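Report on the structure
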Amino acid sequence: MLEKILLLLSLSLSVAEGLCKPGVGEAYKVRFSIKTALGDQAYPWNKNEMFLFRAALAFAMRDFTNGEEFGVSDIHPCNETQRVSFWFVVTRPNTMDLVDKGTVEMAIKKSRNRINGAFLLTDKTLEFDGIYPTLAAPVSPDTPPWLIVFGVVMGAVSVGIIALLVYPLVQRKLKKNMDADDEDSDEETGVKTAENGANDGIYNSTFSDDERFTQM
């Protein structure tokens, strides 16, 4: 059984030589930076890792197409280098019809995290040329932005209205206090004047007696 699988894989590789050509048609290039990502714990790249890659791509194609039974034999790598980079194309199951690059791209984007996880890599250390990392969806606030702006504007308007209503009352109160202070000041001035006048009109009996003795 194992021999049959290996034979099928070798046949698919030989067929891939005609279908998969660098930079031509529906081919994609992929780079693995295993040493950069894992350092001393980096694993060697070998046939088993290539089989895992083809299986991961077949899974991504199956998951995206929802029914087409893609297998390892439908993923065709070529032009492999020692720096762990190669090109690949995808064919329809049981045919030699190439899958268009747009479909392959969407399938890879949908399963990007699964593919990265299979090799313990990230978008920066497992790169598909021409397929950029999918950006995280923007976080939408629970409250719509327009409602936040509306609330801020209404708050500012409310503060302005309250200020317009309170300002005249404060001014009136201040004016009343000032008038009351003026009245108190006038009353104090009148009291002092009255006291001074009373002191001027006091009869001095001493001087009266002196005048009387002088006349005598």
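The shown structure was predicted, so the numbers you read here are calculated from the model rather than taken from an experiment.

1. Concerning the UniProt feature "transmembrane region" (unreviewed entry) in the chain
This chain's UniProt record puts "transmembrane region" (unreviewed entry) on residues 146-170. Structurally, residues 146-170 is divided into 100% helix and 0% strand, and its ends, taken at the C-alpha atoms, are 36 Å apart.

2. Some remarks on the side chain of Ser85
Tracing the chain through its elements places Ser85 in strand E3 (residues 85-90). On the basis of relative accessible area, Ser85 is assigned to the buried category, the value being 10%. Those residues in contact with Ser85, other than ones at most four positions away along the chain, are Lys29, Val30, Arg31, Asn79 and Glu80.

3. A look at a nonpolar patch on the surface
Taken together, the side chains of Val149, Val153, Val157, Ile161, Ile162, Leu165, Val166, Val170 and Leu174 make up a nonpolar region of the molecular surface, amounting to roughly 770 Å² of accessible area. One can find Leu165 in helix H6 (residues 145-200).

4. Focus on helix H3 (residues 47-65)
The end-to-end C-alpha separation of H3 is 27 Å, in line with the 27 Å expected for 19 residues at 1.5 Å each. Among the residues making up H3, those that are buried are Glu49, Met50, Phe53, Arg54, Ala56, Leu57, Ala58, Ala60 and Met61. Backbone geometry just downstream of H3 places Asn66 in the positive-phi region, at approximately 55°.

5. Re the state of the cysteines
The bond known as a disulfide is covalent and runs between the sulfur atoms of two cysteines. In total, this model carries one disulfide according to the counting rule given. Disulfide pairing is shown between Cys20 and Cys78; the S-S distance is 2.0 Å. Because the sign of the S-S torsion sets the handedness, a value of about -60° for the bond joining Cys20 and Cys78 places this disulfide among the left-handed ones. A residue pair is termed long-range when its members are at least 10 positions apart, and Cys20 in the loop between helix H1 (2-19) and strand E1 (28-32) and Cys78 in strand E2 (residues 75-81) qualify at 58 residues. For the pair Cys20 and Cys78, one class covers both residues: buried.

6. Remarks on the packing of aromatic side chains
The tally for this structure, following the rule as stated, stands at 11 aromatic pairs. A ring pair is formed by Trp45 and Phe119, whose centres lie 6.1 Å apart and whose planes are at 35°; its orientation type is tilted. Placement of the pair is Trp45 in the loop between helix H2 (34-38) and H3 and Phe119 in the loop between helix H5 (112-118) and strand E4 (126-128), with a sequence separation of 74 residues. For Phe119, a relative accessible area of 0% gives the class buried. Measuring from centroid to centroid gives 6.3 Å for Phe53 and Phe128, while their planes differ by 25°, and the two rings are stacked. Of this pair, Phe53 sits in helix H3 while Phe128 sits in strand E4, placing them 75 residues apart in sequence. Residues Phe53 and Phe128 agree in their burial class; the two are buried. The structure contains a cluster of three or more aromatic residues connected by ring pairs, namely Tyr28, Phe32, Trp45, Phe53, Phe86, Phe88, Phe119 and Phe128. In this arrangement the basic side chain of Lys101 is found over the ring face of Tyr28, its NZ or CZ atom lying 4.6 Å from the centre.

7. Focus on helix H4 (residues 101-110)
Along H4, the positions that sit buried rather than exposed are Thr103, Val104, Ala107 and Ile108. Around the axis of H4, the buried residues are gathered within 130° of arc, so they sit on the same side. Here H4 starts with a cap whose side-chain oxygen sits 3.2 Å from the backbone nitrogen of Gly102, and that cap is Asp100.

Criteria and cut-off values
Residues numbered from 1 in each chain as written. Predicted model: local features only at pLDDT ≥ 70, side-chain atom pairs only at ≥ 80, totals over all residues. Heavy atoms only, no water. UniProt positions renumbered as here; feature names shortened; annotations may be inferred. Helix = DSSP H or I, 4+ residues; strand = E, 2+ residues; numbered from the N terminus. Buried < 20%, exposed > 50% of the residue type's maximum accessible area, 1.4 Å probe, protein only. Contact = heavy atoms within 4.5 Å. Patch = residues over 30% accessible without salt bridge, like charges linked within 9 Å, V, L, I, M, F, W, Y side chains within 5 Å. Areas by Shrake-Rupley, 256 points an atom, 1.4 Å probe, with all protein chains shown as cover. Salt bridge = Lys/Arg side-chain N within 4 Å of Asp/Glu carboxyl O. Expected span 1.5 Å × (residues − 1). Disulfide = S-S within 2.5 Å. Phe/Tyr/Trp six-rings, centres within 6.5 Å; stacked < 30°, edge-to-face > 60°. Lys NZ or Arg CZ within 6 Å of the ring centre and 35° of its normal. Arc of directions from axis to C-beta. Polar contact = N/O pair within 3.5 Å; in protein donor to acceptor, adjacent residues only side chain to side chain.

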